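# Chain and residue survey
As a plain string of letters, each chain reads:
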Amino acid sequence: MRFFDFSSWQSIGATLFGLVLVTFIGVGIRLIVMMTIQQRRERMNRQINERLRTLIAAYKTLGGSFTGDLMVDPRHLRELRRAPDAAEPARDLPNDEAGGGESDRPRRIRDAVEAALSDIILLGTAKQVGLASRAAQELVDGRPVHTHALVVELRDFIRKALDLDPVPADVVIPLQGPTRPVSSGGKGAAGRGSEERGGGGGRGAGGGAGMAGGMGLAGGASLARGTAGDGDDTADGPQPK
């Protein structure tokens, strides 16, 4: 209080102005600090959300199947066309393997798994990066890859990041493998059926319009002939005998 001077109106005004100035400076510094901390927190939240979204997508790709073949076939089409050894003759692949048929599924699974492993190496934890790099090396070496261990690590990390309870110890989860891609043949067939139905409707509408136009033209011609005949009879009139 010794810095406050209330002896005159001028000193009181100067004191109040100093208090207001100090208050504004303090509030401004506080707002700047709070905005900086909030922006940093929002940036961290966006990074965490993007990381979780990517890892969840990788989890679905690597562990979306419980039945069938749960390993990744690393062989390419050119390797399948070659004979495994000199004693076994080379076999010819069916035509649908090169055209994206049912036998093209292992290649699509391998491509999706490679992309998921790349995302995990970029955004995963140290343990996840180790498991993903090991699986990628097995793919490079041409050995079949099982992704169950990496799927379990991803599942535990995602549940912990989302504040979910861990999976109970008495719950038995079957082995998980890469998701099998869905064939797009049904959509193509449905599209072709829609086009055919649309074409049939267009042909039916065109035929109906043609028939209506023909009937209208025929009726107009008949009416014109009848009018012309009546005019001729009236103009001629009765002939004198």
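The model shown is predicted, which means the values in this text are computed figures rather than measured ones.

## So, the environment of L62
Its place among the elements puts L62 in helix α1 (residues 9–63). Considering only alpha carbons, one finds L62 and T179, 117 residues apart in sequence, at a separation of 6.3 Å. What L62 contacts, discounting residues up to four positions off in sequence, is V113, A116, L117, I120, T147, L150, V151, L154, G177 and P178.

## Here we look at unusual backbone geometry
One non-glycine residue, D163, adopts positive backbone phi at about 60°. Position of D163 among the secondary structure elements: in the loop between α6 (148–161) and α7 (185–236).

## Observations concerning the pattern of salt bridges
Scanning the entire structure with this criterion turns up five salt bridges. When the shortest N-O distance is used, the salt bridge between K127 and E153 registers 3.5 Å. Of this pair, K127 sits in helix α5 (residues 126–141) while E153 sits in helix α6, and the two are 26 residues apart along the sequence. Residue K127 is classed as exposed on the basis of its relative accessible area, which comes to 54%. We note a salt bridge from R143 to D141, for which the minimum N-O separation is 3.2 Å. Residue classification places D141 among the partly exposed residues on the basis of a relative accessible area of 40%. A network of salt bridges, in which partner residues are shared, links R107, R110 and D111.

## Some words on helix α4 (residues 105–123)
For α4, which comprises 19 residues, the first-to-last C-alpha distance of 27 Å matches the rise-based estimate of 27 Å (1.5 Å per residue) to within 8%. Every buried residue of α4 is listed here: I109, R110, V113, A116, L117 and I120. Down the axis of α4, the sector holding all buried residues measures 130°, keeping them to one side.

## Comments concerning α6
End to end, α6 covers 20 Å across 14 residues, agreeing with the expected 20 Å (1.5 Å per residue, within 8%). What α6 keeps buried is the set L150, V151, E153, L154, R155 and I158. In this fold, the buried residues of α6 make contact with α1, α4 and α5. Immediately beyond the C-terminal end of α6, within one or two residues, lies D163, with a positive phi of roughly 60°.

## Section: the nonpolar core
Among the nonpolar cores identified, the biggest contains 19 residues, and L62, V113, L117, I120, L150 and L154 are the most heavily contacted of them. With five residues, the single largest contributor to this core is α4. Sequence-distant contacts of V113, that is, excluding residues within four places in its chain, are made with T61, L62, V72 and P178.

## A word on the confidence of the model for the chain
As a note on interpretation, predicted positions should not be read in detail where pLDDT is low. Taken over all residues, the pLDDT of the chain has a mean of 73, while the share at 70 or more is 61%. The low-confidence segment residues 86–102 (pLDDT under 50) makes 19 contacts with residues lying over four places distant or belonging to another chain. Contacts of residues 186–241 to residues separated by more than four positions or lying in other chains number zero contacts, the stretch itself having pLDDT below 50.

About the thresholds
- Here the residue index of a chain counts from 1 through its sequence in written order.
- Confidence filtering applies because this is a predicted model: local features only for residues at pLDDT of at least 70, side-chain atom pairs given and counted only at 80 or more, and all residues used for totals across whole chains, interfaces and linings.
- Think of the side-chain values as coming from all heavy atoms in the structure, minus any hydrogens and water.
- Numbering of helices and strands runs from the N terminus; a helix is a DSSP stretch of H or I covering at least four residues, while a strand is a stretch of E covering at least two.
- Two residues qualify as a contact provided that any one of their heavy atoms is within 4.5 Å of a heavy atom in the partner residue.
- Salt bridge, as applied in this entry: a Lys or Arg side-chain nitrogen positioned within 4 Å of an Asp or Glu carboxyl oxygen.
- Three labels apply to residues, based on accessible area from a 1.4 Å probe with only protein chains included: buried if under 20% of the type maximum, exposed if over 50%, partly exposed otherwise in between.
- What a helix should span is 1.5 Å times the count of its residues minus one.
- What the arc describes is the spread of directions from the helix axis to the C-beta atoms.
- Note on terminology: a nonpolar core comprises buried Ala, Val, Leu, Ile, Met, Phe, Trp, Tyr and Cys residues joined through side-chain atoms within 4.5 Å.
- Residue-level confidence of the predictor is what pLDDT reports, using numbers from 0 through 100.

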